[in-house]
Structures are given as C-alpha cells and as structure tokens.
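Architecture and fold: a report
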Amino acid sequence: MTAPKKIIYRVVSGAISVAVFVVIWSIASTLFNTPILLPSPTDVFHSAMSMLYEGELLIHIGSSVKRLIVGMAVGVPVGALIGCAMGWFPTVNALLDPYVRMANSIPAIALIPFSLLWFGVSEFSRYALIFYTVSLCVLLSARAGVRSVSEIQIKAAQSLGLGEKEMFVRVVIPAVFPSILSGVRTGIGLGVMVIVAAEMVGASDGLGYLIMEGRSHFAVDRMIIGILGLGLLSLFLDRSFTYIVEHVMPRWSTKRRVGN
Amino acid sequence: MAEWKNLVIKDVTKRFDSGPCILSGIDIRISRGSFVCVLGPSGSGKSTLADLIAGFVKPSTGDILLDHEKVTGPGPDRVVIFQDFSNALFPWLTVAENVEFGLKKIIGDKAARRRKVLDTLGMVKLSDHIDKFPSELSGGMKQRTQIARGIVMNPDILLMDEPFGALDAITRRHLQDELVKIWEELGQTIIFITHDIGEALLISNRVLVLSSGPNAEIVEDFKQEHRFEDPSDKGFSAAYRRIENSIESSLKT
Ligand SMILES: Nc1ncnc2c1ncn2[C@@H]1O[C@H](COP(=O)(O)OP(=O)(O)O)[C@@H](O)[C@H]1O
Ligand SMILES: [Mg+2]
C-alpha cells in the first residue's frame, strides 16, 4: 500500500470502529432505558461538551497528565540507568535482583495506603506511586535489553579500542535505547492505571477523581467521561510517543534494528 | 611501511577449559605488509586463531607477539572484521559515524577526523551513502562500511574472519578485487580467513592451511611470487589441487 492509501485505510477503519461502538451503545441505552444507569451517547457527549466549555474537563485531564509526566520524568531515567547497570554489571544485578523480583509482584495500588501514611494526601504521594511503577517497568526492559546486546558489537568496539567504561556509555546504552523506549511505552499505559488509583484517594481533580465524584453524585455521564477520557488519554499518549520516536528520533526506533 | 609491526605466533596451543585441544603447536611468522589467507575446514579452529590474534581469548601455551611485544587483549592495532554483517555495525550510527567510532579516541580535531572518514569512505566506494543507517544498506555495503571502520584506524593488522562468506558471488568478487586494491595502496598486514580455496589464491600469495581439528595445526604454508589474477591463470588449478589435497589428507587422519 502507498502512504496516502495507508492513511485513508487507517482513518476509515478507525471511523468504522468508533461508529460501531457508538451504535451498539445507543441501542443498549435505548433498550435498557434507564438513563441514570446507562445514559445515551448523545447525553454523554453533551455533558462532555459543557464540561469542556466550562474548562472543567481540561483541568481534570491536565492534572492527570501533569502527575504522569512528573512521575515519568524521574522514573524513566532512574529505571533506565539502574536497569542498564544491572544488565551490564553482574554484581549490581546480584545485589538488586531480589528486590526487583519482589517489587515486580507488588502493584503500586498495594502501596497507596502506605504512601498516604508517609506522604499524606499530597501530590508527592501520587508522583511517588507513578515513579515506582514506571521506573520498575523501564528497569526491567532496560535490563533485558542489555542482555540482548550483540556480542559481535561488543567485540567490534573492543577491537576499535574501547575499554569497559566507554563500552557502557558508547555501546551498551545506545544499543539498549530502543528497549528503554519500549519500556517507556509500556510505562505510559501502567502509569495511567496508577494515576487513576492514586486520584481515587483524596484528590480534588484528575480523571480518576472525576470517576469517583461521579459515582458519589450518581452522575453516570461524568463517570463515563472519566473512563473514556482515561482510555483516550492513554491512546493519545501512546500514539504520540510512537510518532515522536519514529519521526523525531528515528535512529532510536526498533525498526532500525530489525534485520539491521 | 616501516611503521607497522611484524606478527609472530610462537608455539601456541589453545584449549577451552578442560575441552579438547583445538589448536596445537601453531608457529607462524607474518611479516608486516603481507596479505595472508588462513584456510581450513569448518570447525578446524580458524576463528579461534583469529580470536587469539585479536586478543579476545588467551593462548593456553605459547605467545602472540607484535614486534616482540606480547598481545594481552583486544586493541585498535589489530582491528577485526566480522562475517556477520547484520550485527557488526552499530545500528544507531550512520555509515560515517560508524567509521568515525574508533577514530574519536585518536584524532581530537573534528574537521580533521571528518576528512579522514570521508577519504576512507571514498576508498570503499561509499561516498554516496555516508548518511545512511546500516538498516538501509545491502550486505556488500555493510561489509564496505566495516572495512572502512577498520582501515581508518591504520592498524598493524586487519583481521578478517570469513568477511565475504555470506555475500552473493558477484558482490564477493567485487569486494575481493577492491580489498586487494586497498591493500596495494595502504600496505598493512591483512590476515584473511576463508574456507574457499579459490578465494584464497585470488587475493593473496600466501595461504596457510589448517588441518581439521581437534589438535589442528598448520599443514601447509603455500607461498608464491604473486597472487593469481584469474582462475584461468597458469598454475592456478595445480595450486588449487595441492591445497585441496592437504585439506583432504588432514581430514582422513
Ligand atoms: N568459546 C569456546 N568454548 C569452547 N569451545 C569453543 C569455543 N570457541 C570455539 N570452540 C570450539 O573450537 C572449535 C573450532 O571452532 P572455530 O574456531 O569457530 O572453527 P572455524 O572458525 O574454523 O569453523 C570448535 O570445535 C568449537 O566448538
Ligand atoms: Mg569460523
């Protein structure tokens, strides 16, 4: 397929998928006929529009995105660095691996009460939860990435005169970069999940807050807006991230590595 | 030519841990500026010999010397060129950046470094592809990039382990010719490993034949005045048969 054809194909198939979803939802809400439990798509669309005009929706989206970005801004580099070090230096791995294994089975949600106890109902406690989730996710893919660095590349660099430390900076980290980026991508998805959980406790804005607040006021339309908003936010962030990697920093795209 | 060093492999044996002896009693002198092929059946230890010279592995006994100085590890005086071209280049760097990779430690001045990189890429006929990434190159172009990345370092020895073994016949023929031309122009030592007798006779005038392993040793040190220009040259088939025979007889024992 040519490029323009591909774009048309994707737009059309996306539109069909959305249309089918909305139609099924309409039919369901008509049959169900209890707007307080399942409002129609039109009703939800109208409330969304009025929330948008009043600026309320953007505030919720903005707060969630800000929490995600702050948590990731710290979590990604920390996870990447520790992951690379664990993959490259066996001693570092031996020291940290037990904790990584344990943390891997402890979801951020399980830490929310603890985080509230330590940091109180604060932005910091939400940042900390996102940091925890994202850094762990990036750490695991970075470590796996280091272990898959081609032995020939290492030998080639040694033969061109690189020592152990230079090797880490000039070969290992760049070679692992695509793995780190795919860890970031997974991290975005997990991060959005954690924000919601974090915002359900004691927050006064954010999409997670919107869902909880909607439930306590029996405003199902607001709950749906919160839920769809989360999904769309995650989709938007994922697609933008992939686009940026492919077009702004193509040398770090996994595509460059396939078949090399 | 005098700046480059002679290589002496002195009574080298190699075994991995408690495994069988792979190479035994390897004793070779390769003087600076020669183009030597190492030929042998697969599994005989050709790559192990290359790894020993490169310094990736250490001999179990014996020494490898560059002008009386012991080789203790890998270094830019013995650049290796690998057969596996899909893994040997750095995929995040362009052709020019790959060639510049090792040079960064040698030439500090950016402009001078760039000039040297471009000159070298001209020698391997890649001037039109300097900003491409490895994923955009054919196998032959990847090997040209690897050769440029090696010769730009001005090493005493260019160690090539079956570099053209995975290329199609036509590309291989081109690269053989170009490699010989580059060697005639630069004049440093090339150690070229291959299992193709014809290739060996067409690119070099000295062919070392390794017997089949374990306990592989050099069973033939074939030297002549000049390399063969063409398989139809007088004496080519006789030389071919002679080398083939020494490989065959080493297989029987
Ligand atoms: N790192 C290693 N550990 C153990 N055995 C090895 C190692 N490298 C090579 N060998 C063995 O040495 C022998 C020669 O291998 P190699 O040098 O790759 O042969 P060639 O390049 O001639 O095909 C083989 O039997 C191989 O199994
Ligand atoms: Mg081999």
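Rules behind the numbers
Numbers given for residues are sequential positions, taken from 1 along each chain in its written order. Chains and ligands are labelled by the order in which they are written, letters from A for the one and numbers from 1 for the other. Two thresholds apply to this predicted model, a pLDDT of at least 70 for residue-level local features and 80 or more for giving and counting side-chain atom pairs, whereas whole-chain, interface and lining totals are computed over all residues. Think of the side-chain values as coming from all heavy atoms in the structure, minus any hydrogens and water. Both site types are read off a 1 Å grid over the protein atoms alone. A 1.4 Å probe that fits but cannot get out defines a cavity, while an open set with protein on both sides within 12 Å along at least five of seven lines defines a pocket; lining residues have an atom within 4 Å of a point. Grid points are joined across faces, edges and corners, and a volume is the space filled by probe spheres set on the points. The way it works is that DSSP assigns letters per residue, a run of H or I at least four long becomes a helix, a run of E at least two long becomes a strand, and they are numbered from the N terminus. When residues are sorted by character, Ala, Val, Leu, Ile, Met, Phe, Trp, Tyr, Cys and Pro go into the nonpolar class, Asp, Glu, Lys and Arg into the charged class, and all the rest, Gly among them, into the polar class. An automatic or database domain assignment supplies the residue ranges for each domain. We call two residues in contact when some of their heavy atoms are within 4.5 Å. Computed with a 1.4 Å rolling probe, the buried area is the accessible surface lost when two parts are put together, summed over both parts. Salt bridges, as used here, are contacts in which a Lys or Arg side-chain nitrogen is within 4 Å of a carboxyl oxygen on Asp or Glu. What makes two strands pair is DSSP finding at least two bridges between them. To get an axis, fit a line to the C-alpha atoms, keeping to the stretch in contact for a helix; angles then go from 0 to 180 degrees between the N-to-C directions. Within the patch definition used here, like charges are joined within 9 Å and nonpolar side chains (Val, Leu, Ile, Met, Phe, Trp, Tyr) within 5 Å, considering only residues with over 30% relative accessible area and no salt bridge. Here the accessible surface of atoms and residues is derived via Shrake-Rupley with a 1.4 Å probe, and residues count as covered only by protein chains that are part of the display. Categorising residues by exposure relies on relative accessible area from a 1.4 Å probe, with only protein chains included: less than 20% of the type maximum marks a residue as buried, more than 50% marks it as exposed, and the intermediate range marks it as partly exposed. Roughly parallel covers angles under 35 degrees, roughly antiparallel covers those over 145, roughly perpendicular covers 65 to 115, and oblique covers all other angles. Should the near helix be turned anticlockwise from the far one by less than a right angle, the crossing is left-handed, and should it be turned clockwise, the crossing is right-handed. Every crossover in which the path from the first strand over the helix to the second runs clockwise, viewed with the strands pointing away from the viewer, is termed right-handed. By convention in these notes, a residue is near a molecule or strand provided one of its non-hydrogen atoms lies within 4 Å of it. Identification of polar contacts relies on pairs of N or O atoms within 3.5 Å, with a donor-acceptor requirement for protein atoms, meaning one able to donate a hydrogen and the other able to accept it, and with residues adjacent in sequence counted only if both atoms are side-chain atoms.

All names here are of chain A. Estimated volume of the largest pocket: approximately 610 Å³. Around the largest pocket, the lining is made up of 20 residues, and of these Phe45, Ala48, Leu228, Gly229 and Leu232 lie nearest the centre. Looking at the lining of the largest pocket, the elements with two or more residues in it are helix H1 (3-32), helix H2 (41-53), helix H3 (56-88) and helix H10 (220-247). Along the lines of polarity and charge, the residues of the lining of the largest pocket split into 18 nonpolar, two polar and no charged. Two domains each provide a minimum of three residues to the lining of the largest pocket, namely domain 1 (1-33) and domain 2 (39-252). Size it by volume and the second largest pocket reaches roughly 310 Å³. Surrounding the second largest pocket, Arg10, Arg185, Asp238, Arg239, Thr242, Tyr243, Glu246, His247 and Lys255 form its lining.

Attention now moves to the domain arrangement of chain A. All names here are of chain A. Under the domain assignment, chain A is made up of domain 1 (1-33) and domain 2 (39-252). With centres defined by C-alpha atoms, the gap from domain 1 to domain 2 works out at 29 Å. If you look at the interface, domain 1 gives four residues, while domain 2 gives six residues. When domain 1 packs against domain 2, the two sides together hide about 420 Å² of surface, and 76% of this comes from carbon and sulfur. For the interface between domain 1 and domain 2, the tally reads zero salt bridges.

Residues and elements named next belong to chain B. The sheet built from four strands is open, its strands ordered E2-E1-E4-E5 with antiparallel pairing. On the outer flanks of this sheet lie strand E2 (21-30) and strand E5 (69-70), each paired with one strand and no other. Along the sheet face, helix H1 (residues 46-54) touches strand E1 (7-15), E2 and strand E4 (61-66) and points at about 125 degrees away from the line of E1.

Turning our eyes to something else, we now look at a nonpolar patch on the surface. All names here are of chain A. A contiguous nonpolar patch, built from Val74, Val78, Leu81, Ile82, Leu95, Leu96, Tyr99, Met102 and Ile106 and spanning about 810 Å² of accessible area, is present on the exposed surface. Among the secondary structure elements, those contributing two or more residues to the nonpolar patch are H3 and helix H4 (90-104). Mapped onto the elements, Tyr99 comes out in helix H4. A relative accessible area of 56% means that Tyr99 is categorised as exposed.

Let us look at the packing of helix H7 (residues 151-159) of chain A against helix H8 (residues 164-199) of chain A. Residues and elements named next belong to chain A. For the pair H7 and H8, the least separation of the axes is 11 Å and the interaxial angle reads 155 degrees. Considered as vectors, H7 and H8 are oriented roughly antiparallel to each other. Crossing angle aside, the handedness with which H7 passes H8 is right-handed. Here Gln153, Ile154, Ala157 and Gln158 of H7 lie close against H8, whose contacting residues are Met167, Val171, Val172 and Ala175.

Side chains on a regular strand alternate between the two faces of the sheet. Residues and elements named next belong to chain B. Counting buried residues in strand E7 (residues 157-161) gives five out of five residues, a clear majority hidden from the surface. Where burial is concerned, the two faces of E7 agree: the one with Ile157, Leu159 and Asp161 and the one with Leu158 and Met160 are both buried. The pairing of strand E6 (residues 78-81) with E7 spans four bridges and is parallel. When the sheet's bridge partners are listed, Ile81 is paired in E7 with Met160. By the bridge criterion, five bridges tie E7 to strand E8 (residues 189-194) in an arrangement that is parallel. Counted as the bridge partner of Ile157 is Thr189 from E8. Remark: the E7/helix H6 (residues 169-186)/E8 crossover connection has right-handed handedness.

All names here are of chain B. Near ligand 1 you find Phe16, Ile22, Pro41, Ser42, Gly43, Ser44, Gly45, Lys46, Ser47 and Thr48, and these make up its full shell. A distance of 3.3 Å is found between an oxygen atom of ligand 1 and a backbone nitrogen or oxygen belonging to Ser44. A distance of 2.8 Å separates an oxygen atom of ligand 1 from a polar side-chain atom of Ser47. Considered on its own, ligand 1 offers 560 Å² of accessible surface; in the complex 54% of this is hidden by protein. In terms of residue count, H1 provides more of the shell around ligand 1 than any other element does, three residues in total.

All names here are of chain A. Here H2 crosses H3 at 80 degrees, and the two axes come no closer than 4 Å. On the basis of their axis angle, the class for H2 and H3 is roughly perpendicular. Within the contact between the two elements, H2 uses Ala48, Met51 and Leu52 and H3 uses Glu56, Leu57, Leu58 and His60. Across the contact of H2 with H3, the residue classes break down as five nonpolar, one polar and one charged.

A word on the sheet that holds strand E10 (residues 218-223) of chain B. Residues and elements named next belong to chain B. Pairing is mixed in the open sheet, where six strands are placed in the order E6-E7-E8-E3-E9-E10. What marks the edges here is a single partner per strand, and that holds for E6 and E10. Averaged over all neighbouring strand pairs, the angle between strand axes comes to 15 degrees, with direction disregarded. Set on the sheet, helix H5 (residues 139-151) makes contact with E6 and E7; between it and E6 the angle comes to about 175 degrees.

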